[in-house]
Amino acid sequence: MGFLELAKARYSVRKFSDRPVEQEKLDRIIEAAMIAPTGKNSQAWRCYVLRSEEAMEKINGLSRCIFGAPMVLLFTYHTEEEWHNPLEEGIHSGVEDVSIVATHAMLEAWELGVGSIWVNYFPNTETERAFGLPENERSVLLMPIGYAAEGCVPSPHHSESRPVDELVKYL
Ligand SMILES: Cc1cc2nc3c(=O)[nH]c(=O)nc-3n(C[C@H](O)[C@H](O)[C@H](O)COP(=O)(O)O)c2cc1C
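These numbers come from a predicted model, not from an experiment.

Looking at helix α4 (residues 94-111)
In step 1: Between its first and last C-alpha atoms α4 spans 26 Å; for 18 residues at 1.5 Å apiece the expected length is 26 Å, and the two agree.
In step 2: Those residues of α4 not exposed but buried are Gly94, Asp97, Val98, Val101, Ala102, Ala105, Met106, Glu108, Ala109 and Trp110.
In step 3: On its buried side, α4 packs onto α1 (3-9), α2 (23-34), β1 (45-50), β2 (71-78), β3 (115-116) and β4 (137-146).

Right, here's the structure in full:
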């Protein structure tokens, strides 16, 4: 499958089966994440693989958006390692770094037949504390991943697209 076909086929999975994701597939997903570009190649991101019973119980208690996934990737960035733009106060790359890293992971997962969803609906600070993250790490997203359960279909939002001339301007 070419890249555009893969990107078009992917959708947010909101109903997972309890089938675990094989370690080899998880390794490939992590490999894809690791080759993503980051600001000045800072690689300021971190990924926590939540899959123990204890971790899953904790994350299910923190977010309503886990959707029965057997595993969740928690992506964070390190506030002292991210790239800071010297030309603009307050502009730094942490969230962008994590976003491209997580997108690589999401698309590689799809290529392997593994579904996922990007979840921002969780209490960031409480989650960081619950998992004992270092003080200088900020959480960005949760990514429940696993195999789609039978009957899982894309939400109607999946195919909604604004017209290209609203989104793209040629100057
Ligand atoms: C930054 C971001 C945050 C999101 N947060 C959530 C979330 O908290 N809960 C949820 O169910 N979906 C969440 N989504 C999934 C979007 O709703 C979904 O990607 C969008 O509706 C398009 O559907 P599709 O991914 O199936 O193409 C999020 C997506 C992004 C990119």
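Back to the text.
Notes on the nonpolar core
In step 1: Among the nonpolar cores identified, the biggest contains 33 residues, and Val72, Phe75, Ala105, Met143 and Ile145 are the most heavily contacted of them.
In step 2: Of all the elements in the fold, those that place two or more residues in this core are α2, β1, β2, α4 and β4.
In step 3: No other element matches α4, which puts seven residues into this core.
In step 4: Contact partners of Met143, with chain neighbours within four places excluded, come to Val72, Leu73, Phe75, Ala102, Ala105, Met106, Ser116, Ile117, Trp118 and Val119.

A few points about the site of the ligand
In step 1: Surveying the vicinity of the ligand reveals the residues Tyr11, Ser12, Cys65, Ile117, Trp118, Val119, Asn120, Tyr121, Pro154, Ser155, His157 and His158.
In step 2: Looking at the shell around the ligand residue by residue, the class counts come to seven nonpolar, five polar and no charged.

Notes on the pairing of β2
In step 1: Summarising burial for β2: seven of the eight residues are buried, a large majority.
In step 2: With six bridges connecting them, β1 and β2 associate as antiparallel partners. For Tyr48, the partnering residue across the bridge sits in β2 and is Leu74.

Describing unusual backbone geometry
In step 1: Located in the positive-phi region is Asn41, a residue other than glycine, with phi close to 50°.
In step 2: Residues other than glycine seldom take positive phi values, yet Phe67 does so here, at roughly 55°.
In step 3: With respect to the element layout, Phe67 can be found in the loop between α3 (53-62) and β2.

Cut-offs used in this document
Residues numbered from 1 in each chain as written. Predicted model: local features only at pLDDT ≥ 70, side-chain atom pairs only at ≥ 80, totals over all residues. Helix = DSSP H or I, 4+ residues; strand = E, 2+ residues; numbered from the N terminus. Expected span 1.5 Å × (residues − 1). Buried ≥ 20, exposed ≤ 12 C-beta atoms within 10 Å, placed from the backbone. Contact = placed C-beta atoms within 7 Å. Core = buried A, V, L, I, M, F, W, Y, C linked by C-beta atoms within 7 Å. Near = placed C-beta within 6 Å. Nonpolar A, V, L, I, M, F, W, Y, C, P; charged D, E, K, R; others polar. Pairing = 2+ DSSP bridges.

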